[in-house]
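Structure assessment
What follows is the residue order along each chain.
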Amino acid sequence: MSLLPSGLTGLPAFDIDTLCDALAGPGFAAMRLVDTEMLTALRHEATELWQDEALTPAGIGRAEDHELIARIRRDRTKWLDGSTPAQTAYLAFAETLRRDINARLMLGLFAFEAHYAVYEAGAFYKRHVDSFRGARNRVLSTVLYLNPDWREGDGGHLRIYGPDDSVLTELRPEFGTLAVFLSEEVPHEVTISHRERFSIAGWHRCNDRGLAPALQSRALPIAP
Ligand code: OGA
Ligand code: MN
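Everything numeric in this text was worked out from a predicted model, so none of it was measured.

Of regular secondary structure, the protein chain possesses 4 helices and 11 strands. When the 224 residues of the protein chain are sorted by exposure, 51% land in the buried category.

So, in structure tokens, the structure goes:
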């Protein structure tokens, strides 16, 4: 069964098998979702939260040094809690993705967490990985973009690095585009955005209840 709808514009059509092949290969995939009702509701909610100043500056690991954090990332975030139909729909989509990927790649994806993120003009997120190798808490990263009519010159690209530090690809954060990649394997960054940039970053985690508490942090570890 094709989980991810085809008929995409601007990006190749993906189905779950193509997605899993890409994850097993370069570790990165991008596709376009076509559930415009859900996407429109998520976009609406994100802009309302932004206007209501309901997002807070994101952190890194346990670091509380605000100057250090500001040198690394400048986005503001709010966790999804499933309290609105738009969020429920997105969490249900993530659950389908989790089951279908587990069935094919046996990644042991167990739980999903996600936050809205807004980058103001001038904001960025320097190169990092989403999980330290071996910690196995965040296994699969997903980023859904919610920005209609994003132009090349608007910046705010997701820049993906290959194993030899080359730039593998750069993705525009266009409305409905979903990036999926292995959290431990794929270094990436968000280049400076010249416009307000809305997205939902989410992570499928493995069941880490057996791990030491020090490895169970919710916050993002950073790469040098
Ligand atoms: C992150 C991240 C990428 C993006 O939140 O960890 O890398 O394109 N986001 O927003
Ligand atoms: Mn990241």
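Quick look at the site of ligand 1 now. As a structural note, the neighbourhood of ligand 1 is formed by 13 residues, with His 128, Asp 130, Tyr 145, His 188 and Arg 197 the closest of them. Within the contact set of ligand 1, an oxygen atom lies 3.1 Å away from a side-chain nitrogen or oxygen of His 128. Asp 130 is positioned with one of its side-chain polar atoms (N or O) 3.2 Å from an oxygen atom of ligand 1. Here ligand 1 loses 99% of its free accessible area of 290 Å² to cover by the protein chains. Its residues placed into classes, the shell around ligand 1 shows 9 nonpolar, 2 polar and 2 charged.

Quick look at the coordination of the manganese ion (ligand 2) now. His 128 (NE2), Asp 130 (OD) and His 188 (NE2) make up the full set of protein donors to the manganese ion (ligand 2), lying at 2.1 to 2.2 Å. Sequence spacing of the donors to the manganese ion (ligand 2): H-x1-D-x57-H. Linking Asp 130 in the loop between β5 (125-128) and β6 (138-145) with His 188 in strand β10 (residues 188-190), this pair joins segments that are 58 residues apart in sequence. By relative accessible area, His 188 is classed as buried at 4%.

What follows covers helix α4 (residues 85-105). An α-helix turns once every 3.6 residues. As a result, residues three or four positions apart point the same way. Under the 1.5 Å per step criterion, the end-to-end length of α4 is 30 Å for 21 residues, consistent within 8% with the ideal 30 Å. Three or more residues of α4 are buried, namely Ala 86, Gln 87, Tyr 90, Phe 93, Ala 94, Leu 97, Arg 98, Asp 100, Ile 101 and Asn 102. In the core, the buried residues of α4 are packed alongside α1 (16-24), α2 (36-51), β4 (109-119), β6, β9 (177-182) and β11 (197-206). Met 106 occupies a position one or two residues after α4 and carries a positive phi of about 50°.

With 84% of its residues at a pLDDT of at least 70, the protein chain reaches an overall mean of 87. Mean pLDDT across the secondary structure elements of the protein chain bottoms out at helix α3 (residues 66-72), with 89, and peaks at β10, with 98. This stretch, residues 1-10, has a pLDDT under 50; its non-local contacts, to residues over four places away or in other chains, come to 25 contacts. In this model, residues 215-224 is a region of pLDDT below 50 whose contacts with residues beyond four sequence positions or in other chains number 33 contacts.

Turning our attention to the pairing of strand β3 (residues 76-79). The side chains of a regular strand alternate, residue by residue, between the two faces of the sheet. Pairing geometry for strand β2 (residues 56-57) and β3, over 2 bridges, is antiparallel. Among the inter-strand pairings, Thr 56 is bridged to a residue of β3, identified as Thr 77. With 4 bridges joining them, β3 and β4 adopt antiparallel strand pairing. Residue pairing across strands places Thr 77 opposite Ala 117, the latter belonging to β4.

Working definition: two side chains of opposite charge can pair if their charged atoms are close together. Considering all chains together, one arrives at 12 salt bridges under this definition. Residue Glu 174 pairs with Arg 172 through a salt bridge whose shortest N-O separation is 3.7 Å. According to the relative accessible area criterion, Glu 174 is buried, its value standing at 14%. Connected through shared salt-bridge partners, Glu 95, Arg 98 and Arg 99 make up one network.

This next bit is on the packing of aromatic side chains. Across all of its chains, the model carries 4 aromatic pairs by this definition. When the ring of Tyr 90 is compared with that of Phe 93, the centres are 5.9 Å apart and the planes differ by 25°; the resulting orientation is stacked. Placement of both Tyr 90 and Phe 93 in helix α4 is noted, with a separation of 3 residues, approximately one turn of the helix. We classify Phe 93 as buried; its relative accessible area is 14%. One cation-aromatic arrangement involves Arg 127 over Tyr 161; the distance from NZ or CZ to the ring centre is 4.4 Å. A cation over a ring is seen here: Arg 197 above Tyr 119, with NZ or CZ 4.8 Å from the ring centre.

Taken in spatial order, the 4 strands make up an open sheet running β5-β10-β7-β8, and their pairing is antiparallel. Sheet topology places β5 and β8 (167-171) at the edges, where each strand pairs with a single neighbour. Across this sheet, the average inter-strand angle for adjacent strands is 10°, counted without regard to direction. Note that strand β7 (residues 158-161) and β10 share 3 bridges and pair antiparallel. Within β10, the position partnered with Arg 159 by the bridge is Glu 189.

Calculation notes
- Here the residue numbers are simple positions, counted from 1 along each chain's written sequence.
- Just so you know, chain letters begin at A and ligand numbers begin at 1, following the order they were written in.
- Predicted model: local features are reported for residues with pLDDT of at least 70 only, side-chain atom pairs are reported and counted for 80 or more only, and whole-chain, interface and lining totals are derived from all residues.
- As a convention, hydrogens and water are excluded, and side-chain values are obtained from all of the structure's heavy atoms.
- Note on conventions: DSSP H or I runs of at least 4 residues are helices, E runs of at least 2 residues are strands, and numbering of each starts at the N terminus.
- Each residue is assigned to one of three classes by its accessible area relative to the maximum for its type, calculated with a 1.4 Å probe on protein chains only: buried under 20%, partly exposed between the two thresholds, exposed over 50%.
- Only a single heavy atom is needed: when it lies within 4 Å of a molecule or strand, its residue is near that molecule or strand.
- Two N or O atoms count as a polar contact when they lie within 3.5 Å, although within protein this holds only if one can serve as hydrogen donor and the other as acceptor, and sequence-adjacent residues are included solely when both atoms are side-chain atoms.
- Here the accessible surface of atoms and residues is derived via Shrake-Rupley with a 1.4 Å probe, and residues count as covered only by protein chains that are part of the display.
- The residue classification treats Ala, Val, Leu, Ile, Met, Phe, Trp, Tyr, Cys and Pro as nonpolar and Asp, Glu, Lys and Arg as charged. All others, Gly included, are polar.
- Note on donors: an N, O or S atom is included if it sits within 2.8 Å of the metal, or within 3.2 Å for Na, K and Ca, and water is never included, so sites can look incomplete.
- Working rule for helices: expected span equals 1.5 Å times residues minus one.
- Any two residues whose heavy atoms approach within 4.5 Å at even a single point are treated as in contact.
- Confidence of the prediction at every residue is given by pLDDT, a number between 0 and 100.
- We treat two strands as partners when DSSP finds at least two bridges between them.
- What counts as a salt bridge is simple: a side-chain nitrogen of Lys or Arg found within 4 Å of a carboxyl oxygen of Asp or Glu.
- Pairs were defined over the aromatic rings of Phe, Tyr and Trp, the Trp ring being its six-membered one, requiring ring centres within 6.5 Å. Orientation was assigned from the angle between planes: stacked under 30 degrees, edge-to-face over 60, tilted for the rest.
- Ring-over charges, as used throughout, are those where CZ of Arg or NZ of Lys falls within 6 Å of the ring centre and within 35 degrees of the ring normal.
- Each axis is a line fitted through C-alpha atoms, taken for helices only over the stretch in contact, and angles between the N-to-C directions span 0 to 180 degrees.

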